Amino acid sequence: MTPRWFNAHCHLELSHLKGRIRGNRPVPEWLQDIVRLKSGSTAEESIQGAADGLARLRATGTIA
């Protein structure tokens, strides 16, 4: 049996952006995408994304 996991750094408020941010590039460009995409998101998208992200954490054994 595997012990439960503790995730000390998780941004659930960005979960709705999963799969929409391209990696492997300079941090300033990456941050610009986050800001642009987050500002174009609705509150409902953000809330649903956080709920989905939390469900993924629980499903993979994260307890805190």
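In the block above lies the structure referred to throughout.
Residues numbered from 1 in each chain as written. Predicted model: local features only at pLDDT ≥ 70, side-chain atom pairs only at ≥ 80, totals over all residues. Heavy atoms only, no water.

A. Geometry of the overall build of the chain. Helix and strand content of the chain: two helices and zero strands. Taking 11 Å as the expected radius of gyration for a compact globule of 64 residues, we find that the chain reaches 14 Å, considerably beyond that expectation. Each principal axis of the C-alpha distribution contributes one length, and for the chain these read about 40 × 30 × 15 Å. By residue count, 20% of the 64 residues in the chain fall in the buried class. Put simply, of all contacts in the chain between residues at least 6 apart along the chain, 73% involve residues at least 24 apart. Summed over its atoms, the accessible surface of the chain is roughly 5100 Å², and 60% of this surface lies on carbon and sulfur atoms. (Helix = DSSP H or I, 4+ residues; strand = E, 2+ residues; numbered from the N terminus. Rg over C-alpha atoms; globule rule 2.2 N^0.38 Å. Buried < 20%, exposed > 50% of the residue type's maximum accessible area, 1.4 Å probe, protein only. Contact = heavy atoms within 4.5 Å. Areas by Shrake-Rupley, 256 points an atom, 1.4 Å probe, with all protein chains shown as cover.)

B. Region of the structure containing helix α1 (residues 27–39). The end-to-end C-alpha separation of α1 is 18 Å, in line with the 18 Å expected for 13 residues at 1.5 Å each. When α1 is considered as a whole, its buried residues turn out to be Asp33, Ile34 and Leu37. Projected onto a plane normal to the axis of α1, the buried residues spread over an arc of 100 degrees and lie on a single side. Residues of α1 that are exposed and point more than 90 degrees away from the buried face comprise Pro28, Gln32, Val35, Arg36 and Ser39. (Expected span 1.5 Å × (residues − 1). Arc of directions from axis to C-beta.)

C. A look at the layout of surface pockets. Taken as a whole, the largest pocket spans an internal volume of roughly 160 Å³. Around the largest pocket sit Asn7, His9, Cys10, His11, Leu14, Ser15, Lys18, Arg56 and Leu57, which together line it. Residue composition of the lining of the largest pocket, by class: three nonpolar, four polar and two charged. (1 Å grid on protein atoms, 1.4 Å probe; cavity = no way out; pocket = protein on both sides within 12 Å on 5 of 7 lines; lining within 4 Å. Points joined across faces, edges and corners; volume = space filled by probe spheres on them. Nonpolar A, V, L, I, M, F, W, Y, C, P; charged D, E, K, R; others polar.)

D. Structural view of the pattern of salt bridges. All told, the structure shown has three salt bridges when counted by the stated rule. Ionic pairing is found between Glu29 and Arg25, a salt bridge with its closest N-O pair at 3.9 Å. For Glu29, a relative accessible area of 36% translates into the label partly exposed. For Arg25, a relative accessible area of 17% translates into the label buried. The closest approach of N and O atoms between Asp33 and Arg36, which form a salt bridge, is 3.0 Å. With a gap of three residues between them, Asp33 and Arg36 both fall in helix α1, about one helical turn apart. (Salt bridge = Lys/Arg side-chain N within 4 Å of Asp/Glu carboxyl O.)

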